[in-house]
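# Survey of secondary and tertiary structure
In case you want the letters, here they are:
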Amino acid sequence: MVDQYNKLKIISLNVRGLSAVAKRRKINMWFKKQGADIIFIQETHCTTSKLQSFKNSWCGKSYYSITPSAYSKGVAILFKPNLNLNVIDSISTEDGRQLLLNVYINGKCITLVNVYGPNDTKERIEFFKKLEPWVMKYSHNVNSMIVAGDLNCCLCDEDRSTGTHYGDKSRDSLANCIKYLNLFDVWKKLKPLDGKHYTWHDKVTRSRLDYFLVSESINVNIENIYLMTVINDIIGKRPTDHKALVLEVRIAIPAKGPGYWKLNNMHLKDKEYNEGIR
């Protein structure tokens, strides 16, 4: 029997705020144009008062970690309309930095975690220390997790174009979190750290701040990972200073067996039926 697979395109992007309806519409159109199946968004700036407006702007299933501020934080996970999956539960934090979903795709239980790390180094250290037990508490399958987001941290010196973050003490905290959750850095495993891997930049500095971290034992075939520049205006203006990180995976579709025949025991009480099978 030939194995069959569903191919999924998963995108992670720091959108740098989606409070403006026009920008939200353009970003959503860009996601649809890319054929994204699952979308991790950071910095939505989605507050309680704007939640319904955000949900109405996406025609598929969408889940949010609400931010208390209309000018920072907030994460979300969106699903392509009619994507065949079942969301078991959704867990978020009050600060709008973490969102965890347990889902079933093709009969496999997978935990999806969207993370937006703090800018402050001391806050990041504590954030990564608390992230591991939080994920372990709520994940239904710690051996099958996809963690994505803007972590605001460079894991190694090659992840930054300048030497300004070489003394970032939050690196060790993040590395320990990855280790204890038994995850691996997809980009580092599949691609070289050659200067083309930076996901964020300003006028002088470029950094790799965005990641896909996947369970070592996950039963999913990882096909590819790459970056895309988000341009959605006619004049070519970029709506965010981050590039989109794209992960392509294949998930096996359970094979259907030939089935089996089951006797209806009520027939055994039928005299004509018993005479017929003798």
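Residues numbered from 1 in each chain as written. Predicted model: local features only at pLDDT ≥ 70, side-chain atom pairs only at ≥ 80, totals over all residues. Heavy atoms only, no water.

### Brief notes about the overall build of the chain
Along its length, the chain carries six helices and 14 strands. Taking contacts inside the chain between residues at least 6 apart in sequence as the whole, the part at least 24 apart equals 69%. (Helix = DSSP H or I, 4+ residues; strand = E, 2+ residues; numbered from the N terminus. Contact = heavy atoms within 4.5 Å.)

### Quick word on empty space enclosed by the protein
Inspection of the entire model under this criterion finds two cavities of 30 Å³ or more. Roughly 40 Å³ of volume is contained in the largest cavity. Lining the largest cavity, in full, are Leu 18, Arg 24, Asn 28, Ile 41, Phe 54, Ser 57, Trp 58, Tyr 64 and Leu 78. In the lining of the largest cavity, the residues fall into six nonpolar, two polar and one charged. The volume enclosed by the second largest cavity comes to roughly 30 Å³. As for the second largest cavity, its lining consists of Leu 131, Val 147, Leu 151, Leu 174, Leu 183 and Leu 213. (1 Å grid on protein atoms, 1.4 Å probe; cavity = no way out; pocket = protein on both sides within 12 Å on 5 of 7 lines; lining within 4 Å. Points joined across faces, edges and corners; volume = space filled by probe spheres on them. Nonpolar A, V, L, I, M, F, W, Y, C, P; charged D, E, K, R; others polar.)

### A word on the nonpolar core
Membership of the largest hydrophobic core comes to 32 residues, with the highest contact counts inside it found for Ile 38, Phe 40, Phe 79, Val 103, Leu 112, Ile 146 and Phe 212. Apart from the residues lying within four places of it in its own chain, the contact partners of Phe 40 are Ile 10, Ile 11, Ser 12, Leu 13, Ala 76, Ile 77, Leu 112, Val 113, Asn 114, Ile 146, Ala 148 and Phe 212. (Core = buried A, V, L, I, M, F, W, Y, C linked by side-chain atoms within 4.5 Å. Buried < 20%, exposed > 50% of the residue type's maximum accessible area, 1.4 Å probe, protein only.)

### Considerations on the pairing of strand β14 (residues 244-252)
Look at any regular strand and the pattern is simple: side chains alternate between the two faces of the sheet. Among the nine residues that make up β14, seven are buried, leaving the element largely enclosed by the rest of the structure. The pairing of strand β1 (residues 5-14) with β14 spans eight bridges and is classified as antiparallel. By the bridge assignment, Ile 11 is partnered in β14 with Val 246. Both strand β13 (residues 221-228) and β14 contribute to a ladder of seven bridges, which runs antiparallel. Counterpart to Tyr 226 in the pairing with β14 is Val 246. (Pairing = 2+ DSSP bridges.)

Purely geometric stuff here, so don't read any function into it on its own.
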